[in-house]
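Coordinate inspection notes
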Amino acid sequence: MIIEPRTRGFICLTSHPVGCEQNVINQIEYVKSKGKIEGAKKVLVIGASTGFGLASRISSAFGSDAATIGVFFDKPATEGRPGSPGFYNTAAFEKQAIAAGLYAKSINGDAFSNEIKEQVVNLIKEDLGQVDLVIYSLASPVRTHPVTGKRYKSVLKPIGDVFSNKTVDFHTGKVSEISINPAEGEDVENTINVMGGEDWKMWMDALQSENLLAEGATTVAYSYIGPEVTKPVYRNGTIGAAKDHLEATAFTIADDLKSIGGKAFVSVNKALVTQASSAIPVIPLYISLLYKVMKAKGIHEGCIEQIQRLYSERLFGGDLALDEKGRIRVDDWEMREDVQAEVNKLWKTATTENLSEIGDLEGYSNDFYNLFGFKVDGVDYDADVNEVVNVPSIQ
Ligand code: NAI
Ligand code: NA
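I will try to describe carefully the structure that is included in this document. (Residues numbered from 1 in each chain as written. Chains lettered and ligands numbered in written order. Predicted model: local features only at pLDDT ≥ 70, side-chain atom pairs only at ≥ 80, totals over all residues. Heavy atoms only, no water.)

For the sodium ion (ligand 2), the full set of protein donor atoms is Gly 47 (O), Thr 50 (O), Gly 53 (N), Ser 137 (O) and Ser 137 (OG), at a range of 2.8 to 3.1 Å. In the primary structure, the donors to the sodium ion (ligand 2) are separated according to the pattern G-x2-T-x2-G-x83-S. Taken together, the residues Gly 53 in helix H2 (residues 51-64) and Ser 137 in the loop between strand S6 (131-136) and strand S7 (142-144) connect sequence positions 84 residues apart. (Donors = N, O, S within 2.8 Å, 3.2 Å for Na, K, Ca; no water. Helix = DSSP H or I, 4+ residues; strand = E, 2+ residues; numbered from the N terminus.)

Strand order across the open sheet formed by 7 strands is S5-S4-S3-S6-S11-S12-S13, with parallel pairing between neighbours. Across the chains shown, the open sheet's two edge strands, defined by having one partner strand only, are strand S5 (104-108) and strand S13 (328-329). Strand direction decides the pairing type here: S6 and strand S11 (residues 213-223), joined by 5 bridges, are parallel. When the sheet's bridge partners are listed, Ile 135 is paired in S11 with Val 220. With respect to the sheet, helix H6 (residues 198-209) is in contact with strand S3 (42-46), strand S4 (67-72), S6, S11 and strand S12 (263-268), its orientation differing from that of S11 by roughly 170°. On the sheet, helix H7 (residues 238-257) packs against S11 and S12 and is oriented at approximately 175° with respect to S11. (Pairing = 2+ DSSP bridges. Contact = heavy atoms within 4.5 Å. Axes fitted to C-alpha atoms, helices over the stretch in contact; angles between N-to-C directions.)

Glancing now at a nonpolar patch on the surface. A contiguous nonpolar surface patch, about 240 Å² in accessible area, is contributed by Phe 10, Ile 11 and Leu 13. Along the chain, Ile 11 turns up in strand S2 (residues 11-12). Ile 11 gets classed as partly exposed once you look at its relative accessible area, which sits at 40%. (Patch = residues over 30% accessible without salt bridge, like charges linked within 9 Å, V, L, I, M, F, W, Y side chains within 5 Å. Areas by Shrake-Rupley, 256 points an atom, 1.4 Å probe, with all protein chains shown as cover. Salt bridge = Lys/Arg side-chain N within 4 Å of Asp/Glu carboxyl O. Buried < 20%, exposed > 50% of the residue type's maximum accessible area, 1.4 Å probe, protein only.)

Let us look at the nonpolar core. Of all hydrophobic cores here, the largest spans 80 residues; its most connected members are Ile 58, Phe 62, Tyr 286 and Leu 355. Among the elements that take part in this core, helix H9 (residues 283-296) stands out by supplying 9 residues, more than any other. If we skip the residues at most four places from it in the chain, Phe 62 touches Ile 28, Val 31, Lys 32, Lys 36, Phe 93, Gln 96, Ala 97, Ala 100 and Leu 102. Of all hydrophobic cores here, the second largest spans 37 residues; its members include Val 71, Leu 207, Leu 213 and Ile 253. (Core = buried A, V, L, I, M, F, W, Y, C linked by side-chain atoms within 4.5 Å.)

Surrounding ligand 1, one finds 29 residues, the nearest of these being Ser 49, Thr 50, Ala 111, Lys 243 and Thr 274. In this structure, Phe 52 approaches ligand 1 through a main-chain N or O atom, which is 2.9 Å from an oxygen atom. Lys 243 is positioned with one of its side-chain polar atoms (N or O) 2.8 Å from an oxygen atom of ligand 1. The fraction of the free accessible surface of ligand 1 (840 Å²) that becomes covered by protein chains is 92%. Put simply, the parts of the chain that give the shell around ligand 1 at least two residues each are H2, S11 and helix H8 (275-278). Among the residues forming the shell around ligand 1, the class breakdown is 14 nonpolar, 11 polar and 4 charged. (Near = heavy atom within 4 Å. Polar contact = N/O pair within 3.5 Å; in protein donor to acceptor, adjacent residues only side chain to side chain. Nonpolar A, V, L, I, M, F, W, Y, C, P; charged D, E, K, R; others polar.)

Quick look at the structure:
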């Protein structure tokens, strides 16, 4: 079939298998171009099909020749209906990994559930024996608690006061003023339940209790801080409360791993266009200004550049360069004083009329379409493609 983008707000209902495959190939080529990383050899990535998790899987496999197991929650294609991009990405990843002689298996299902944890535990036992790196990169709006069965929904709200600021509809370029009402009821606890660290710890407990973590194993989860303008809705909001919890959990897990000489870290990453971040009000305007400034300074990075640098310079580069709260910072270039000062200045003047000039709306929009395999260079979108693509290890 011929597949075209069909967008609804900040989601795209279709995705393109060839475009997704090309994105994965481009990321692999990038990692290979940067040379070998003396990193982990047996890697579990939870949230492995898009964004930072996919970049982590690619960096491990093609940077360190690692065997990888990837866990994600995606929709396979059916006749006449494209699958979700994560499914196509994983199909492409496995194809490339197999061609390179690398072990790669994937599990598609709810990572929050006991069933999926059990499947992964069994797969590691059968195939790898142990893992030496666990990347935790889930981004989800909901979580069903595996013990109580209660379904929690996360929200993106400020805490305390109404927050008003500018935002942009990145499809139309229209800049407008929005007001977001503060969290109420159990909003904060619910969001912590979904995006906090409880599930990460459950994963690590499940792996450790079955002796599936190698001596010196490391685990890393991803967090975000961001600028002053998004603080009320991000870091000081409900999602920030969940990130505080995630970051605190790193210390709990680190204690648990002491007996095997293991380590647990949070890496604070840069703001990037992903399915998760497009849904957060105010952030798209910030990202479009940030991209403009960082590109002009020659320091723009995407997910793959971020994770390749995290691995080569921090995790396996001998200098973790932890901040005062014990976190790895690959948002260091985003948070540079000169970058933030310029973004701040632009923020004050941004309007519908000038945004296409002072911001990188085109870059934002392009990245958004790229997430779904559209507008990828070199792909013939007029060609008939087979929408049903299988992940080799999931048949
Ligand atoms: P994403 O939406 O691209 O990736 C999320 C991944 O989680 C996908 O592989 C998806 O299939 C998987 N997933 C979601 N729910 C699942 C479930 N129930 N079971 C199994 N898999 C599930 O998100 P992104 O942006 O890569 O986020 C990953 C982490 O990085 C998050 O913790 C996020 O807060 C953090 N981060 C994101 C930044 C950004 O600007 N996008 C910046 C800094 C950190
Ligand atoms: Na991810």
